[in-house]
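Working through the structure, step by step
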Amino acid sequence: MSVAEQAPRAGVELTEEPPAAAIPDPRSGIQLKELSLAYRQGSGEFRVLERIDLTLAPDEFVCVLGPSGCGKSSLLNIIAGYLKPSGGTVAIDGELYAEPSPQVGVVFQHANLFPWLSVAGNVEFGLRMAGLPRKERREKAARYIQMVGLESAAARLPHQLSGGMKQRTALARTLATEPRIVLMDEPFSALDALTRESMQEHVRRIWRQTGRCFFFITHDVDEALLLGRRIIVMHPNPGRIVQDIINPLFRGEEADDAKALRADKQFAELRELLVGLIAGR
């Protein structure tokens, strides 16, 4: 049953395809075409992903939902250039790439900070590897440390940080290299509920400030509804996109905080609908 058939019962209307204004020119944004991934399994093969087609606008915020084993993380790793697809292509602004690129930043489930470096040192690390002069990288690092609200903790070492502060440091480190797309692989899954909600607010604000493309993988339907301008639902065996939905709750305004969104009468209805889509009902 399609979303269009389910939506009237839920009392909501969902748009399954991005509006024309949200789809960038083929020479702009991120394009995934016919992506497939398969592994040898005995005399046959195991298909992880099959025929993934996706276009992301330069300022998109996309949340990807799906059950374990549907290929969400594999898709992210292909976009990051860490994993080579069996077929298909990934392009930024029409230029193909298949290896890690400075234009693609990644924030993982765990912060993976260098324990011997301060917050500032960790945020500067990628800039130093890129060969930026000391003055320029310190100024840039300070700007992104301020953006994630860690000015007072810039000199602290990772063991002196809370879980949320470590993830904010990791986000600042990724943003400091100014990638075109920021990939986030369930970055808040290990955080407690209050810290997680705080981090969601940080990410919403930072996305608005930077205007970058965010590709955010999550198992949490509420999180997808709170953050995503688009919500993509995947199914496994093989991993594929079954729905690409414009989030009707998303208005892109500062006033759209978690409390306001959860109070919207559509929130529970949309949540039920997405849970059903993930479960294949």
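Whatever comes next refers back to the structure up there.
Residues numbered from 1 in each chain as written. Predicted model: local features only at pLDDT ≥ 70, side-chain atom pairs only at ≥ 80, totals over all residues. Heavy atoms only, no water.

1. Comments concerning the pattern of salt bridges
Going by this rule: In what follows, salt bridge is the name for a side-chain nitrogen of Lys or Arg lying within 4 Å of a carboxyl oxygen of Asp or Glu. Numbering of helices and strands runs from the N terminus, with a helix taken as a DSSP run of H or I at least four residues long and a strand as a DSSP run of E at least two residues long. Only protein chains enter the accessibility calculation, which uses a 1.4 Å probe; a residue is then buried when its area is under 20% of its type maximum, exposed when over 50%, and partly exposed in between.
Applying the stated criterion across every chain yields a total of 14 salt bridges. Two residues, E34 and R51, come together in a salt bridge whose shortest N-O distance is 3.0 Å. Of the two residues, E34 sits in strand 1 (residues 30-41) while R51 sits in strand 2 (residues 44-56), which places them 17 residues apart along the sequence. Classification of E34 as partly exposed rests on a relative accessible area of 33%. Look at R51 and you get exposed, because its relative accessible area is 54%. Across the pair R229 and E60 runs a salt bridge whose closest N-O atoms are separated by 3.2 Å. Pair noted here: R229 is in the loop between helix 7 (221-227) and strand 9 (230-235) and E60 is in the loop between strand 2 and strand 3 (61-65), with a separation of 169 residues, a long-range link. Among the charged side chains, a network of salt bridges with common partners joins D59, E60, R229, R230 and D244.

2. A closer look at the layout of surface pockets
The following threshold applies: Points on a 1 Å grid, built from protein atoms alone, make a cavity when a 1.4 Å probe fits but cannot get out and make a pocket when they are open with protein on both sides within 12 Å along at least 5 of 7 lines; residues with an atom within 4 Å of a point are the lining residues. Grid points are joined across faces, edges and corners, and a volume is the space filled by probe spheres set on the points. Here the nonpolar group is Ala, Val, Leu, Ile, Met, Phe, Trp, Tyr, Cys and Pro; Asp, Glu, Lys and Arg are the charged ones; every other residue, Gly included, is treated as polar.
Taken as a whole, the largest pocket encloses approximately 570 Å³ of empty space. Lining the largest pocket are 25 residues, and of these V106, G126, R173, T174 and T177 lie nearest its centre. Where the lining of the largest pocket is concerned, the elements lending two or more residues are strand 6 (104-107), helix 3 (119-129) and helix 5 (163-176). Residue composition of the lining of the largest pocket, by class: 16 nonpolar, seven polar and two charged.

3. A look at the pairing of strand 2
Rules: For two strands to pair, DSSP has to find at least two bridges joining them.
Pairing of strand 1 with strand 2, which is carried by nine bridges, proceeds in the antiparallel orientation. Its bridge partner being in strand 2, L37 is matched across the sheet by L49. Hairpin remark: strand 1 followed by strand 2, antiparallel, with two residues in the connecting loop; positive phi at G42, about 65°.

4. Re unusual backbone geometry
It is generally the case that most residues other than glycine have a negative phi and that most peptide bonds are trans. For the bond running from N237 to P238, omega is -5°, close enough to zero to count as cis. Positionally, P238 belongs in the loop between strand 9 and strand 10 (240-246). Positive phi, normally seen in glycine, also occurs at E178, with a value near 55°. Tracing the backbone shows E178 in the loop between helix 5 and strand 7 (181-185). Backbone geometry places E186, a non-glycine residue, at a positive phi of 45°.

5. With respect to the environment of T89
Spelled out, the test is: Contacts: residue pairs with any heavy atoms within 4.5 Å of one another.
Within the secondary structure layout, T89 lies in strand 4 (residues 87-92). Those residues in contact with T89, other than ones at most four positions away along the chain, are Q31, L32, K33, L35 and L96.

6. Considering the packing of helix 4 (residues 134-147) against helix 5
Between two packed helices, the angle of one axis relative to the other and the distance separating the axes together describe the packing. Just so we agree on the cut-off: Between N-to-C directions, angles span 0 to 180 degrees; the directions come from axes that are lines fitted to C-alpha atoms, helices contributing only their stretch in contact. Roughly parallel covers angles under 35 degrees, roughly antiparallel covers those over 145, roughly perpendicular covers 65 to 115, and oblique covers all other angles. Throughout, a crossing is termed right-handed when the near helix is turned clockwise from the far one, and left-handed when it is turned anticlockwise from it by less than a right angle.
Two elements in contact, helix 4 and helix 5, have axes separated by 9 Å at closest approach and are oriented at 135°. Relative to helix 5, helix 4 is oriented oblique. Crossing angle aside, the handedness with which helix 4 passes helix 5 is right-handed. Along the contact surface, helix 4 presents K140, Y144, I145 and M147, while helix 5 presents A172, L175 and A176. Taken together, the residues that form the contact of helix 4 with helix 5 break down as six nonpolar, no polar and one charged.

7. Topic: the sheet that holds strand 8 (residues 213-217)
Taken together, six strands build an open sheet; the order of strands is 6-7-8-3-9-10 and the sheet is mixed. Each edge of the open sheet carries a strand with a single partner, namely strand 6 and strand 10. For this sheet, the mean inter-axis angle between neighbouring strands, taken without regard to orientation, is 20°. Its contacts with the sheet put helix 2 (residues 72-80) on strand 3, strand 6, strand 7, strand 8 and strand 9, and the angle it makes with strand 7 is roughly 150°. Contacting strand 3, strand 9 and strand 10, helix 9 (residues 266-279) crosses the sheet at an angle of about 30° to strand 9.

8. Here's the deal with the sheet that holds strand 2
Within the open sheet, the four strands sit side by side as 2-1-4-5. Their pairing is antiparallel. Each edge of the open sheet carries a strand with a single partner, namely strand 2 and strand 5 (95-96). By the bridge criterion, two bridges tie strand 4 to strand 5 in an arrangement that is antiparallel. Of the residues in strand 5, the one forming a bridge with A91 is L96. Packed on one face of the sheet, helix 2 meets strand 1, strand 2 and strand 4 and runs near 120° to strand 1.

9. Let's talk about the environment of S118
This is how the line gets drawn: N or O atoms within 3.5 Å of each other form a polar contact, as long as, within protein, one can give a hydrogen and the other can take it, and as long as residues adjacent in sequence are counted only when both atoms are side-chain atoms.
Within the element layout of this structure, S118 appears in the loop between strand 6 and helix 3. Separated by 35 residues in the primary sequence, S118 and A153 have C-alpha atoms spaced 8.7 Å apart. Among residues more than four places away in sequence, those in contact with S118 are A154, A155, R156 and L157. Among the polar contacts listed, one links the side chain of S118 to the backbone nitrogen of G121, at a separation of 3.0 Å.

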